[in-house]
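Overview (structure and organization)
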Amino acid sequence: MTSSPLTPRRPAAWHTATVVAAVPETSSARRLTFEVPTWPGNDPGAHVDVRLTAPDGYQASRSYSIASSGEGTQVVLAVDEVPDGEVSPFLVEDLQVGDQLELHGPLGAFFIWQPTDQPRPVQLIAGGSGVVPLYAIAEAHARAGDASPFRLLYSVRTPDDVFFRREFSALPPSSVEVDYVYTRRAPAGWAGVTGRVTRDRLDEVVWPAASDPLVYVCGPTAFVETVADWLTAAGHRGSSIRTERFGGA
């Protein structure tokens, strides 16, 4: 993924991380929890670089959003496997509890959300596993009791591909309003339209430009760029639109 080069609120460094839990998130994704004794805490919306080192010394690294927020020495990632990828298949299929790897972070100050004493609408827009940092933001918002109204538009292929469904359902109803868009298959009894997000759908469910919301958009590059263009065309200020795009696998 790509993000702003601004310095994060917490100092970034390389850390040794030990896997303490590894559970399925979807049929193609896995939730990984790491214990990192030297970790400075998780800013909601931040990401890390994950570095793997092979026995012959070959190294590969990729960036992944952090699904956890708040103080503590644990880091949670939710990794979606990319076919023919170099790093994600190992993280999803092979990494075991007790294994160690290196994390560099936390990174990405531009995409970080912090509570405020001046409430402002916040619109979260996710495509697929791009919901990972947005879940961290929504959970931090609920935990802080922040008064800013929150909405999430989550575009996902099928109900089986939803990340953090139970966790979103467990958040107080007043903390975030979630709108799902199913692009391939909707759940039984679904009254909405199945298909990709359209500009009309976006206009229906996101905070209008007149509300001056702070907008976070994360997902595949084409999704993020299209949504950002629609938001700008609808009158949203460019300085209020924060984006992250997926990168290598």
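The preceding data block contains the structure.
Fair warning: this is a prediction, and the values are worked out from it, not measured in the lab.

**Remarks on the sheet that holds strand β1 (residues 13-26)**
The strands that make up a sheet pair up through hydrogen bonds in the backbone, lying either parallel or antiparallel. Read from one edge of the open sheet, six strands run β4-β3-β6-β1-β2-β5, paired in antiparallel fashion. A strand with exactly one partner marks an edge of an open sheet, and here the two such strands are β4 (59-65) and β5 (74-80). Between one strand axis and the next, the sheet turns through 35 degrees on average, direction left out of account.

**Looking at the pairing of β4**
Here strand β3 (residues 47-53) runs beside β4; their pairing, made up of seven bridges, is antiparallel. Residue pairing across strands places V50 opposite R62, the latter belonging to β4. Linking β3 back to β4 in an antiparallel pair, the connection comprises five residues, with G57 at a positive phi of about 95 degrees.

**A few points about the sheet that holds strand β7 (residues 122-127)**
On the basis of which strands lie adjacent, the open sheet formed by five strands has the order β9-β8-β7-β10-β11 and parallel pairing. Of all the strands in the sheet, the pair left with one neighbour each is β9 (177-182) and β11 (241-245). The average undirected angle you get between the axes of adjacent strands in this sheet is 10 degrees. Summarising the sheet, strand β10 (residues 214-219) and β11 pair through five bridges and their orientation is parallel. Bridge assignment links G219 to a residue of β11, and that residue is R245.

**Describing the nonpolar core**
Formed by 31 residues in total, the largest nonpolar core has its most connected members in L124, L152, Y154, F168 and Y216. Of all the secondary-structure elements, those providing two or more residues to this core are β5, β7, α2 (131-144), β8 (150-156), β9 and β10. Broken down by element, this core gets its largest block of residues, seven residues, from α2. Judged by nonpolar contacts, the second largest core, of 23 residues, contains L32, V36, V50 and A60.

**Description of the environment of G70**
Here G70 lies in the loop between β4 and β5. C-alpha separation for the pair G70 and P40, spaced 30 residues apart in sequence, amounts to 9.7 Å. Ignoring any residue separated from it by four or fewer positions in sequence, one finds G70 in contact with R10, G41, N42 and R143.

**What to know about the pattern of salt bridges**
Should the charged atoms of two oppositely charged side chains come close, the side chains can pair. Tallying each qualifying case throughout the model produces 12 salt bridges. One salt bridge connects E139 with R143, and the closest N-O pair in it is separated by 2.5 Å. One end of the pair, E139, and the other, R143, are both in helix α2, four residues apart, so they sit about a helical turn from each other. By relative accessible area, R143 is classed as partly exposed at 47%. The shortest N-O distance in the salt bridge between R245 and E225 comes to 3.7 Å. Of this pair, R245 sits in strand β11 while E225 is found in helix α5 (residues 221-233), placing the two residues 20 residues apart along the sequence. The partly exposed category is assigned to E225, whose relative accessible area is 38%. A single network of salt bridges, built from pairs that share partners, joins E25, R31 and E167.

The rules behind the values
Residues numbered from 1 in each chain as written. Predicted model: local features only at pLDDT ≥ 70, side-chain atom pairs only at ≥ 80, totals over all residues. Heavy atoms only, no water. Pairing = 2+ DSSP bridges. Helix = DSSP H or I, 4+ residues; strand = E, 2+ residues; numbered from the N terminus. Axes fitted to C-alpha atoms, helices over the stretch in contact; angles between N-to-C directions. Core = buried A, V, L, I, M, F, W, Y, C linked by side-chain atoms within 4.5 Å. Buried < 20%, exposed > 50% of the residue type's maximum accessible area, 1.4 Å probe, protein only. Contact = heavy atoms within 4.5 Å. Salt bridge = Lys/Arg side-chain N within 4 Å of Asp/Glu carboxyl O.

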